[in-house]
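So you can see what is in the structure, the chains are spelled out below.
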Amino acid sequence: MKYFKSIWKPALLRTVLLLFILNGSISNVNAQEPKLSINLNKVTIKQFFNEIQRKTDYTFSYREGILNNNKDVSISVYNKNLSEILKSVLEPKGLSFSIQTKSIVITQQLQTSTQSFTLKGKVTNSEGEPLIGVTVLAKNSKNGTATDFDGNFSIRINDKNTSLQFTYVGYKQENVQIKDRKFITVTMEEDSHMLNEVVAVGYGVMRKSDLTGSVVRVGSKDIANIPTVRLDQALTGKASGVHITNTSGEPGAGTNILIRGGNSISASNEPLYVIDGFIGAGDLNLIDPNDIESIEILKDAAATSIYGARGANGVVIVTTKRGTEGRNNVTVNTYIGVQHIAKRLEMMNAREYAEMLNQQDVSVNQEPSIENPSIYGKGTDWQDEILRMALMQNYQIAASGGNKDSRYYLSISMFDQEGVIKNSGIRRYQTRLNLDRKIGKNINIGANFQFSYSQRKPNLVSLGGFDYQSSALATPPTMGIYNEDGSYAADSPSRVVSNKIDNVVAQLNERKKQEKAASVYAGIFADWEAIKGLKFKTFLGLNASNNKTSEYKPSSLPTMIQNKVKGEAWINQGDSYSILWEN
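As a convention, each chain's residues are numbered from 1 in the sequence order in which they are written. Thresholds applied to this predicted model are a pLDDT of at least 70 for local features of residues and 80 or more for the giving and counting of side-chain atom pairs; totals over whole chains, interfaces and linings are not thresholded and use all residues. Side-chain descriptors were evaluated using all non-hydrogen atoms of the structure, hydrogens and water having been removed beforehand.

(A) Expanded view of the sheet that holds strand 5 (residues 103–108). Two strands form a pair only when DSSP identifies at least two bridges running between them. Runs of H or I in DSSP of at least four residues are treated as helices and runs of E of at least two as strands, each being numbered from the N terminus. Strand order in the open sheet formed by three strands is 2-5-4, and the pairing between neighbours is mixed. The open sheet has two edge strands, strand 2 (59–62) and strand 4 (95–100), and neither has a second partner. Strand-to-strand twist in this sheet, taken as the mean axis angle between neighbours without regard to direction, amounts to 25°. Each axis is a line fitted through C-alpha atoms, and for a helix only the stretch in contact is used; angles between axes span 0 to 180 degrees, taken between their N-to-C directions.

(B) Seen up close, the nonpolar core. Residues grouped as a nonpolar core are buried Ala, Val, Leu, Ile, Met, Phe, Trp, Tyr and Cys residues, joined through side-chain atoms within 4.5 Å. Three exposure classes are used, based on accessible area relative to the maximum for each residue type with a 1.4 Å probe and protein chains only: buried under 20%, partly exposed in between, and exposed over 50%. Ile-295, Ile-297 and Tyr-307 are the most contacted members of the largest nonpolar core, which has 34 residues in total. Counting residues in hydrophobic clusters, the runner-up holds 23 residues, among them Ile-38, Phe-49, Leu-67 and Leu-82.

(C) Representation of helix 8 (residues 350–363) in the model. The end-to-end C-alpha distance of helix 8, which contains 14 residues, comes to 20 Å, matching closely the 20 Å that a straight helix rising 1.5 Å per residue would cover. Polar contacts here mean pairs of N or O atoms no more than 3.5 Å apart (in protein, one a potential hydrogen donor and the other a potential acceptor; neighbouring residues in sequence count only if both atoms are side-chain atoms). Two or three places before Arg-351, at the opening of helix 8, Asn-349 has a side-chain oxygen 3.2 Å from that residue's backbone nitrogen. Any helix carries an expected span of 1.5 Å times its number of residues minus one.

(D) Looking closely at the pattern of salt bridges. Salt bridges are identified by distance alone: a Lys or Arg side-chain nitrogen within 4 Å of an Asp or Glu carboxyl oxygen. The full count for this structure, using the stated rule, is eleven salt bridges. Where Asp-72 meets Lys-93, a salt bridge forms, and the shortest distance between an N and an O atom there is 2.9 Å. Placement of Asp-72 in the loop between strand 2 and strand 3 (73–81) and of Lys-93 in the loop between helix 3 (82–90) and strand 4 is noted, with a sequence separation of 21 residues between them. On the basis of relative accessibility, which here comes to 40%, the residue Asp-72 falls in the partly exposed class. Note on Lys-93: relative accessible area 27%, which makes it partly exposed. The salt bridge partner of Arg-456 is Glu-515, with a shortest N-O separation of 2.7 Å. Here the residue Arg-456 occupies a position in strand 26 (residues 443–457), and Glu-515 occupies one in strand 27 (residues 512–531), the gap between them amounting to 59 residues. On the basis of relative accessibility, which here comes to 12%, the residue Arg-456 falls in the buried class.

(E) Quick look at the environment of Ile-38. Note that Ile-38 resides in strand 1 (residues 35–43). Each C-alpha atom, one on Ile-38 and one on Lys-80, is 9.0 Å from the other, the two residues being 42 residues apart in sequence. Setting aside residues no more than four positions away along its own chain, Ile-38 makes contact with Phe-48, Glu-51, Ile-52, Lys-55, Ile-75, Ser-76, Val-77 and Ile-85. Should any heavy atoms of two residues lie within 4.5 Å, those residues are counted as being in contact.

(F) How the structure looks around the pairing of strand 15 (residues 215–219). In terms of burial, strand 15 is a largely internal element, four of the five residues being buried. Of the strand pairs in this sheet, strand 15 and strand 20 (residues 292–298) are connected by five bridges, and their pairing is antiparallel. Bridging from a neighbouring strand, Val-218 pairs with Ile-295 of strand 20.

(G) Fine view of the packing of helix 2 (residues 45–55) against helix 3. Interhelical geometry of helix 2 versus helix 3 gives an angle of 175° and a closest axis separation of 12 Å. Here helix 2 lies roughly antiparallel to helix 3, going by the angle between them. Here Ile-45, Phe-48, Phe-49 and Ile-52 of helix 2 come into contact with helix 3, specifically with Leu-82, Ile-85, Leu-86, Val-89 and Leu-90. For the contact of helix 2 with helix 3, the per-class residue count stands at nine nonpolar, no polar and no charged. Orientation labels follow simple angle bins: below 35 degrees gives roughly parallel, above 145 gives roughly antiparallel, 65 to 115 gives roughly perpendicular, and whatever is left gives oblique. Each residue is assigned to one class: nonpolar for Ala, Val, Leu, Ile, Met, Phe, Trp, Tyr, Cys and Pro, charged for Asp, Glu, Lys and Arg, and polar for all the others, Gly among them.

In short, shape yes, function no, at least from these values alone.
Rendered as structure tokens:
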């Protein structure tokens, strides 16, 4: 008995000691995850993280882009574990977390694809023949495929409640609900309207179903969906293989059109324009987009062959609207909008600019040239002085109608666009008259007439893109607009601009430049169907234009005073005309 007691006592001590160590370890583990009380209402998830960081020693790490900035986090808890708090907020947002030492890592929850399955099917026409190359797309997803030689397809579906979209050239689009089916059969109907649509080509008109060359057609409905100023702007994003760029953002600026890329590094890459049968019509500003019936773009050699070398860069055929048989119609199109610069550059104010000059002096071991930069304050914001909210408006009224023998189309329009830079803009007036007359059973005659007049004030000051030295961005904010005597300021402490310059307000108010353009287009035609399928057509057209540019620089400009010039004025005028007789 004595021996048993001597053994039992050390064992009891070891057991008590082990329980004490384990209890300390467990207490230490529980101490690693604090309990918090948080009360937040409609805050972002980042603000929620900041609140936890403020009350604990934990930091958060996560990949950029997985957190949103919505103020949709509201939580009110008292003395709860950190993991419970995080779980209640993050799980509804599709986020998960892991606690590593004093860092909490936030990740996106893995998306399960328990509903994903493979759907098979077959596409045929109305006669049961398989259709090859039909595009099959699952809506609201990026999954898509095409049918094989037997019209079969296989596609991965993530949601059985979605639908499949079937598209094929010359056939109507089909939309089919999937539901619980694993195999579907789709019958597509021919779109006879599309196949019989008439397309203008070099030799006249053809049905789309008979067309073999590469031709893109943009109809009046496509143009009417977007308010456009110029015909070429109406083509933007409407025709594949056609690249359209603006030469500048000022009103009335030109546009470059490239069809299937550039063909020359020295000659022009502009396509050939044919407007109502007049080859080489040129300026697309002459046409109001509301007057357009269709635009055909001939892209390959087969389609442009009738025009020879002139069509090497492609051909753009414009057909304007004509009267239709039936009741007289009057339509009014109008829109009003505003334009403003998308983003202004953040520049130094006058005080910051003066401090920068002093720092520049110190960096080259010179005394600061400006004793008290703070006296300059904000200074002149040259962007504010030249930019504005610009108004753009267009008004057009058109009348059309006729009977079985005579038809007419008449339109009058006015377009006015202000530039975002003050004292710039364009105003254009246009009128068009198209007449058609049927004589007997096989003779048709017609006439086209258009007059256009425009006044354009181009940008005379630079925001910074051209002539940078005298632009708004380069003019120092320490320079005022006017001197004490009322003359325009020209001096500044700038180290970049050493000579006197015309500040941008002086350029806006004193320089004058105007471009006027007037053009007349007139054409008459007649066609005679001698026998069925054989027509003789003759066309006679005139395209005349007058352009006048006037510019004036007064002697009140600082640079004119510096150069002792009293004033300068220019007038450039040019006339051109072309006559086309085509049989």
